[in-house]
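# Secondary and tertiary structure notes
Take a look at the letters that make up each chain.
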Amino acid sequence: MGMTAEHYLTQLQALLPQGIAWSREPDTNMSRLLAAMAEELARVDGRVDDLFKEADPRTAYELLSDWERVADLPDSCTTTADTTAERRAVLHAKLTNIGGQSRQFFIDLATSLGYVITITEFQPFQAGSLAGEQITNDDWIHAWQINAPETTITQLTAGGAAGDPLRDWGNEILECAITRLAPAHTTPLFAYGG
């Protein structure tokens, strides 16, 4: 937390030389002048605190559009990110994404975008497969299914901006992000609900 005007006034008065001409009484012209200076110093100090918040894309508000420009957002997957919270989540996911092909990588990616998913991988039916397993052919070896709720509802949270909707529905960002990052030889399938 930044220093208040009272803190700055105390510091400015402490810098004054000693003597009768340098009164520290609150009703003198000198104290009023120093109080005006202290107000400005406190305002600038508060803006410095704001700047620290803007340095983190998860809390940025005033510089959010600059962060997005640097990260080359919005892209084809994020044109539907409407709320400030969604924009921050997409930005953070893009900046921290180091890539991967594991099941956990895609689950973590979905979580960072606000979705709860599971992944089902398919295996072709072959000698040694157990009774009750799905019968699939070799084409299914590269298919995997993303299981998500029928519709993900995003609630407005603290830190949202004026004009953000209270709720937002949809899975478009999830589908686009996973399809874009899926290994080229695989086929992601999306299953919603049940």
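Residues numbered from 1 in each chain as written. Predicted model: local features only at pLDDT ≥ 70, side-chain atom pairs only at ≥ 80, totals over all residues. Heavy atoms only, no water.

## Details of the nonpolar core
In this structure, Phe 106, Leu 113, Tyr 115, Ile 117, Trp 144, Leu 174 and Ile 178 are the most contacted members of the largest nonpolar core, which totals 23 residues. Of all the elements in the fold, those that place two or more residues in this core are helix H4 (84–96), helix H5 (103–112), strand E2 (143–148) and helix H6 (172–181). Element by element, the count of residues in this core is highest for H5, at five residues. Not counting residues within four places of it along the chain, the set of residues in contact with Trp 144 comprises Phe 106, Ile 119, Thr 120, Glu 121, Phe 122, Ile 178, Ala 182, Thr 186, Thr 187, Pro 188 and Leu 189. (Core = buried A, V, L, I, M, F, W, Y, C linked by side-chain atoms within 4.5 Å. Buried < 20%, exposed > 50% of the residue type's maximum accessible area, 1.4 Å probe, protein only. Helix = DSSP H or I, 4+ residues; strand = E, 2+ residues; numbered from the N terminus. Contact = heavy atoms within 4.5 Å.)

## Here's the deal with the pattern of salt bridges
Scanning the entire structure with this criterion turns up eight salt bridges. Here Arg 58 makes a salt bridge to Asp 56, at a shortest N to O gap of 2.9 Å. Residue Lys 94 pairs with Asp 75 through a salt bridge whose shortest N-O separation is 3.8 Å. Within this pair, whereas Lys 94 is found in helix H4, its partner Asp 75 is found in the loop between helix H3 (64–70) and H4, the two being separated by 19 residues in sequence. (Salt bridge = Lys/Arg side-chain N within 4 Å of Asp/Glu carboxyl O.)

## A closer look at helix H2 (residues 29–54)
The periodicity of an α-helix, 3.6 residues per turn, causes residues three or four places apart in sequence to face the same way. The terminal C-alpha atoms of H2, which comprises 26 residues, lie 38 Å apart, in line with the 38 Å expected from a rise of 1.5 Å per residue. All of the buried residues along H2 are Ser 31, Leu 34, Ala 38, Ala 42, Asp 45 and Glu 54. Where H2 is buried, its residues contact helix H1 (5–15) and H3. (Expected span 1.5 Å × (residues − 1).)

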